[in-house]
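The lines below spell out each chain.
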Amino acid sequence: MKRTSIVVGLVTTVVVVILSAIFLIGASDPAERISTNTTAVARLSIPPLLEPTIENGISHYTLMIGTAEHNYMQGRMTDTYSYNGMSVLGPTLRLRSGASVAISVTNALEEVTTTHWHGADVPAEDDGGPHSMIVPGATWIADFDVIQPAATLWYHPHAHGFTAEHVYYGAAGLIIIEDDNPAAASLPSTYGVDDIPVIIQDRTFKDDGQLDFSIDQGEDGQLYSTLTVNGTINPFIEVPNGLVRLRLLNGSQGRVYRLGVHGADMTKIASDGGYLARPVALEQLVLAPGDRAEVIVNVGSESAALVDTTFGRVLELRPNGLASRTGVLPDELATIERISESEITVNRHFRMGDVRNFWEFDARWAINGVQFDMDRIDFTVQLGDTERWTLTSDDGQHVFHPHQIQFQILAINGEPPPPEEAGWEDSVLVNPDREVVIATRFKSYAAEETPYMFHCHILDHEDLGMMGQFVIVE
Ligand code: C2O
Ligand code: CU
Ligand code: CU
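Turning our attention to the domain arrangement of the protein. Under the domain assignment used here, the protein contains domain 1 (42–184), domain 2 (185–323) and domain 3 (341–473). Across the interface of domain 1 and domain 3, roughly 1900 Å² is buried in total on both sides, 61% from carbon and sulfur atoms. When the buried surface of domain 1 facing domain 3 is broken down by residue, Ala124, His131 and His160 rank first, second and third, together holding 28% of it. At the boundary of domain 1 with domain 3, the tally comes to zero salt bridges. For the interface between domain 1 and domain 3, the tally reads 17 residue pairs in polar contact (both at pLDDT 80 or more). When contributions to the side of domain 1 that touches domain 3 are tallied by element, the ones reaching two or more residues are strand 8 (116–118), strand 10 (151–156) and helix 2 (163–168). Broken down by element, the side of domain 1 that touches domain 3 gets its largest block of residues, four residues, from helix 2. Split by residue class, the side of domain 1 that touches domain 3 holds 13 nonpolar, 10 polar and five charged.

Structure representation (structure tokens):
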């Protein structure tokens, strides 16, 4: 090394140290807490169900992404993105397991975007990842058979470098898959009545009421100050007395929620990929960006509240005095055939972290040392194989999410997962203190030419390059 470059290196290091000290002081969490002692002010908005038209046995759904305006706060309109002309977010797609569907997505924005079916087991060309770009004015059609069991999934844009921004402005919606599972008959299932979509997102508003968006290079991604649920601030919903199902989705850019229920019990019945084997009573549930969970709350004669350790109350559940249709939870929900060690033929290791050099300012979030390259396939899977993946973080908190597959957690720090994490998952939290080993069977679709993504679901990290691609071959 020449003397000048040593000097430049030293000066840069000093500057970086001083700047990071300033950032650390300034980086306190801006979250505005809502006390459970207060009464919620706004009725929770419920995204409408999107009805399909059925033609030749195929259920057709029509989506259009565009700009809109939403009344987050009384008297001020906020510019948003949404689907189907809604003021924010998109309608809920209810799909039937076993059905053939065709979903058309028209881009009415003035920029390129995509729409991805998060958690769906679909062919790569119908998956809506960064390769399925929809230019302004164009329509893209995803057609596939619904080959997975009942679950709560979601859809959102996935244009590389713009995912965080498009989701933040409001483009996202829920997907509910229903099936013939007999256990479901005794669960609350009237949409918007005792089966409630709960899309949790943090936002920051500027003085003029507009959304304040930014990408944060740090390990948490950007954390915003105001909590919104289905686009409503400080919401309540009137629900029957008795069992109520909440379909929780963390649609935030980077924030992890630690949720519980005040004034009633909370029981988890489903994870990302569908029902757990049996209901699990929980005090607290960790929901990382991209994660879903279905919980049952037994609402009594007083208001109960969904709460978060940081924000306080998330949603007030106000009893309407009517008795709920459902009384007792079934003991068994689904049969989950555990993946055995003997099935596994391939092992992979995914190391997540920031690979910047000490003289660089900008984070270079990467998986196995490399950042996203749309022209590079990172690995190839053989259709029919069962693989074991070890997920570790060298630094920072991450949410590992592969497309197409639902996986099982084999171990967290060498221990078997607790029952609430022993179902099917498509997103999992990994940090330097939490090493996760997962296993998955590749049994549905192969496509040599079209890759599936795997990435961190902290959207700042994803947009900054923490993503790779794999193909599945026959
Ligand atoms: Cu929500 Cu690539 O995913
Ligand atoms: Cu996804
Ligand atoms: Cu990450």
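That was the structure; now back to the text.
What follows deals with the coordination of the copper ion (ligand 3). Coordination sphere of the copper ion (ligand 3), protein contribution only: His398 (ND1), Cys456 (SG) and His461 (ND1), at 2.0 to 2.2 Å. Read in sequence order, the donor residues coordinating the copper ion (ligand 3) give the pattern H-x57-C-x4-H. Taken as a pair, histidine 398 in strand 27 (residues 398–402) and histidine 461 in helix 3 (residues 459–463) lie far apart in primary sequence, 63 residues in all. As far as burial versus exposure is concerned, histidine 398 and histidine 461 are alike and both buried.

Right, let's talk about the coordination of the copper ion (ligand 2) for a bit. Coordination of the copper ion (ligand 2) by the protein involves His116 (NE2) and His401 (NE2), with metal-donor separations of 2.0 Å. In this pair, histidine 116 sits in strand 8 while histidine 401 sits in strand 27, placing the two residues 285 residues apart along the sequence. With respect to class, histidine 116 is no different from histidine 401; both count as buried.

The strand order across the open sheet formed by five strands is 24-23-26-30-28, and the pairing between neighbours is mixed. Strands with a single pairing partner mark the edges of an open sheet, and in this sheet they are strand 24 (365–367) and strand 28 (408–412). Shown here is a sheet whose adjacent strand axes are inclined to one another by a mean of 20°, direction ignored. Across three bridges, the pairing between strand 23 (residues 346–354) and strand 24 is antiparallel.

Rules used in this analysis
- Residues numbered from 1 in each chain as written.
- Chains lettered and ligands numbered in written order.
- Predicted model: local features only at pLDDT ≥ 70, side-chain atom pairs only at ≥ 80, totals over all residues.
- Heavy atoms only, no water.
- Domains from an automatic or database assignment.
- Buried area = accessible area lost by both parts, 1.4 Å probe.
- Salt bridge = Lys/Arg side-chain N within 4 Å of Asp/Glu carboxyl O.
- Polar contact = N/O pair within 3.5 Å; in protein donor to acceptor, adjacent residues only side chain to side chain.
- Helix = DSSP H or I, 4+ residues; strand = E, 2+ residues; numbered from the N terminus.
- Nonpolar A, V, L, I, M, F, W, Y, C, P; charged D, E, K, R; others polar.
- Donors = N, O, S within 2.8 Å, 3.2 Å for Na, K, Ca; no water.
- Buried < 20%, exposed > 50% of the residue type's maximum accessible area, 1.4 Å probe, protein only.
- Pairing = 2+ DSSP bridges.
- Axes fitted to C-alpha atoms, helices over the stretch in contact; angles between N-to-C directions.

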